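# Analysis of the macromolecular model
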Amino acid sequence: MEVKVLSSRLVKPAYTAGEAPMPATEYIALSMFDRVTFEMQMAIIYAFAPPAPTTASIEKGLATVLAQYRAFAGQLGESPDGTPSVILNDRGARLVEATVDADLVDMAPSKPTPELLKLHPDLEAEHQEVVLLQLTRFRCGSLAVGFTSNHVVADGHATSNFLVAWGRATRGLSMGLPPVHHHKDLFKPRSSPRVEHDHRNREYYLPSPTDVVGHHGDAADNIVIHKAHFTKDFIAGLRAKASEGRGRPFSRFETILAHLWRTMTRARDLSPEETSKIRLSVDGRHRLGQPAEYFGNMVLWAFPRSKVGDLLNRPLKHAAQVIHDEVARVDGAYFQSFVDFASSGAAEKEGLARSAVCKDAHCPDVEVDSWLTFPFYELDFGTGSPSYFMPAYFPTEGMLFLAPSNFGDGSVDAFVPVFEHNLQAFKECCHSME
């Protein structure tokens, strides 16, 4: 697929008449949650069937929404006193226009492939903008929207709020409640700080000179991303099986993740004595009494773990219960314990580093990003909801993405990067109830 770039420009916030813009430059200090999250680009793809929205209307809506979500029009840097911050300088979001002399159906993948990267601005290049956007129009009249944002500035919850507001602004509707940002009076330690959990070995770790961090080698060349579609009926059957004899059934998320954890473990052919763990994000907004409009990162992680032998030989209920119990432990008290620890300066004093780092492979472990509750399909520029939505190509073995399917019937799509030599085994047991 050859993508022809037509233009690249910055879209700056457009302030309405009578709306006084904020001072030219302000700073939002990165919170303790921003500082422990992944330093990565969050990249997603939307497709809109013809008649697709016009570039002019999308750009106008973007300029309007950026006036309310100024962090996405700013840059990462430091405040004058050296504090890591989002600089509210209204630099703008990067907008690239492109065309493809082909129909969307000719390249629309059922799963993420390297071709999808052509629907984004070059993600390997150095970009000063927090948000990168590419509008790619196809011969058939369809439109692909490649959206990328810096995860340090906003988590998935905050980003989905922005996307819905962008669609509403494009349609001339109210954008809803404005974002709430981090400030110095948020996330304060208790008067008598109590560190009640092992944050040194969960959100942080002590690096050693032999650590190799980031992507290296050619591991990505041996990874394929499999899309597993789970129907509403299949999920209902799984939940019934996992929840048998339990008063309250496991959630859809707990059930699907438990099933995929076992499936991946079986496909990897691991030793029964090995331990496998999951890293999954837990939203702290309601746990810390913060509004849904909080814009930034407010996520910590649960780490369910189990012996491989137990995962495979015990029923699905075991894996679901392990997940349920570990997530339940990451409650409001856990978040406050983290606030107390992160505020103490111990991490800096001891040379600890964030444990949330990008890797080529997670085996024997699993990491999951669940988008099941985010309103990504509510991005409507005036011509209706997108025909499909998916993560961009991200070849990290063991990094799962869960998203509602485009059918809108309660079914779920799981995007599962696996080593090529494990793919057949994964496919053979992926839709088994055993």
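Scoring rules and cut-offs
Residues numbered from 1 in each chain as written. Predicted model: local features only at pLDDT ≥ 70, side-chain atom pairs only at ≥ 80, totals over all residues. Heavy atoms only, no water. Pairing = 2+ DSSP bridges. Helix = DSSP H or I, 4+ residues; strand = E, 2+ residues; numbered from the N terminus. Axes fitted to C-alpha atoms, helices over the stretch in contact; angles between N-to-C directions. Contact = heavy atoms within 4.5 Å. Parallel < 35°, antiparallel > 145°, perpendicular 65-115°, else oblique. Nonpolar A, V, L, I, M, F, W, Y, C, P; charged D, E, K, R; others polar. Expected span 1.5 Å × (residues − 1). Domains from an automatic or database assignment. Buried area = accessible area lost by both parts, 1.4 Å probe. Buried < 20%, exposed > 50% of the residue type's maximum accessible area, 1.4 Å probe, protein only. Arc of directions from axis to C-beta. Lys, Arg positive; Asp, Glu negative; His and termini not counted. Salt bridge = Lys/Arg side-chain N within 4 Å of Asp/Glu carboxyl O. Phe/Tyr/Trp six-rings, centres within 6.5 Å; stacked < 30°, edge-to-face > 60°. Core = buried A, V, L, I, M, F, W, Y, C linked by side-chain atoms within 4.5 Å.

### Points about the sheet that holds strand 16 (residues 388-391)
One open sheet accounts for six strands, arranged 1-6-7-8-3-16; its pairing is mixed. Of all strands in the sheet, those with a lone pairing partner are strand 1 (3-11) and strand 16, marking the two edges. Neighbour-to-neighbour, the strand axes of the sheet open up by a mean angle of 15°, direction not taken into account. The pairing of strand 6 (residues 93-100) with strand 7 (residues 131-138) spans seven bridges and is parallel. Residue pairing for strand 7: Glu97 is matched across the bridge by Leu135. Across the face of the sheet, helix 1 (residues 55-68) comes into contact with strand 1, strand 6, strand 7 and strand 8 (143-150) while running at roughly 30° to strand 1. Helix 3 (residues 156-170) rests against strand 3 (41-48), strand 7 and strand 8 of the sheet, and its axis sits at about 140° to strand 8.

### Observations concerning the packing of helix 4 (residues 232-242) against helix 5 (residues 252-268)
Relative to each other, helix 4 and helix 5 sit at 85°, their axes nearing to 9 Å. When the interaxial angle is binned, helix 4 and helix 5 end up roughly perpendicular. Taking contact as the criterion, the partners of Phe234, Ile235, Leu238, Arg239 and Ala242 in helix 4 are, on helix 5, Arg252, Thr255, Ile256 and His259. Taken together, the residues of the contact of helix 4 with helix 5 sort by class into five nonpolar, two polar and two charged.

### Overview of the sheet that holds strand 5 (residues 84-88)
Spatially, the three strands line up as an open sheet ordered 2-5-4, and their pairing is antiparallel. Looking at strand neighbours, the two that pair on one side only are strand 2 (26-29) and strand 4 (75-78), the edges of this open sheet. Shown here is a sheet whose adjacent strand axes are inclined to one another by a mean of 45°, direction ignored. The pairing of strand 4 with strand 5 spans four bridges and is classified as antiparallel. Among the inter-strand pairings, Gly77 is bridged to a residue of strand 5, identified as Ser85.

### Regarding helix 5
For helix 5, spanning 17 residues, the distance from its first C-alpha to its last is 24 Å, which sits close to the expected 24 Å at 1.5 Å a residue. The first or second residue beyond helix 5 is Asp269, which carries a positive phi of 55°.

### So, the domain arrangement of the protein chain
Each assigned domain of the protein chain is listed with its residue range as follows: domain 1 (3-171) and domain 2 (204-212 + 221-431). Its C-alpha centre places domain 1 at a distance of 25 Å from the equivalent point of domain 2. Facing the 55 residues of domain 1 at the interface are 50 residues of domain 2. Between domain 1 and domain 2 lies a buried interface of about 4500 Å² when both sides are counted; carbon and sulfur atoms form 68% of it.

### Let's talk about helix 10 (residues 420-430)
Listed as buried for helix 10 are Asn422, Leu423, Phe426, Cys429 and Cys430. The buried residues of helix 10 occupy an angular sector of 150° when projected down its axis, which confines them to one face. Set apart from the buried face of helix 10 by more than 90 degrees, the exposed residues are His421 and Glu428. Where helix 10 is buried, its residues meet strand 10 (223-230), helix 4, helix 5 and strand 18 (412-419).

### Section: the side chain of Glu203
Inspection of the secondary structure assignment puts Glu203 in the loop between helix 3 and strand 9 (204-205). Comment: no salt bridge for buried Glu203; closest opposite-charge side chain is Arg202, at 4.6 Å.

### Observations concerning the packing of aromatic side chains
Applying the stated criterion across every chain yields a total of 27 aromatic pairs. Taking 6.2 Å as the distance between ring centres and 35° as the angle between the ring planes, the aromatic pair formed by Phe162 and Trp166 counts as tilted. Of this pair, Phe162 and Trp166 are both found in helix 3, four residues apart, which corresponds to roughly one turn of the helix. In terms of burial, Phe162 and Trp166 fall into one category: buried.

### A look at the nonpolar core
Ranked by internal contacts, the top residues of the largest apolar core, which has 66 residues, are Phe72, Phe162 and Trp166. Both domain 1 (3-171) and domain 2 (204-212 + 221-431) contribute no fewer than three residues apiece to this core. Look past the residues within four positions of Trp166 in its chain and what remains in contact with it is Ile58, Gly61, Leu62, Val65, Leu133, Val145, Phe147, Leu379 and Phe381. Listed in part, the 64 residues of the second largest apolar core include Val36, Leu238, Val299 and Leu423.

### Points about the pattern of salt bridges
What the rule picks out here adds up to 22 salt bridges. Here Asp101 makes a salt bridge to Arg139, at a shortest N to O gap of 3.6 Å. Of this pair, Asp101 sits in the loop between strand 6 and helix 2 (104-107) while Arg139 sits in the loop between strand 7 and strand 8, placing them 38 residues apart in sequence. The same class applies to Asp101 and to Arg139, which are both exposed. For Lys277, the salt bridge is made with Asp365, and the minimal N-O distance between the two is 3.1 Å. Of this pair, Lys277 sits in strand 11 (residues 275-283) while Asp365 sits in the loop between strand 14 (353-354) and strand 15 (366-370); the two residues are 88 residues apart in sequence, bridging distant segments of the chain.

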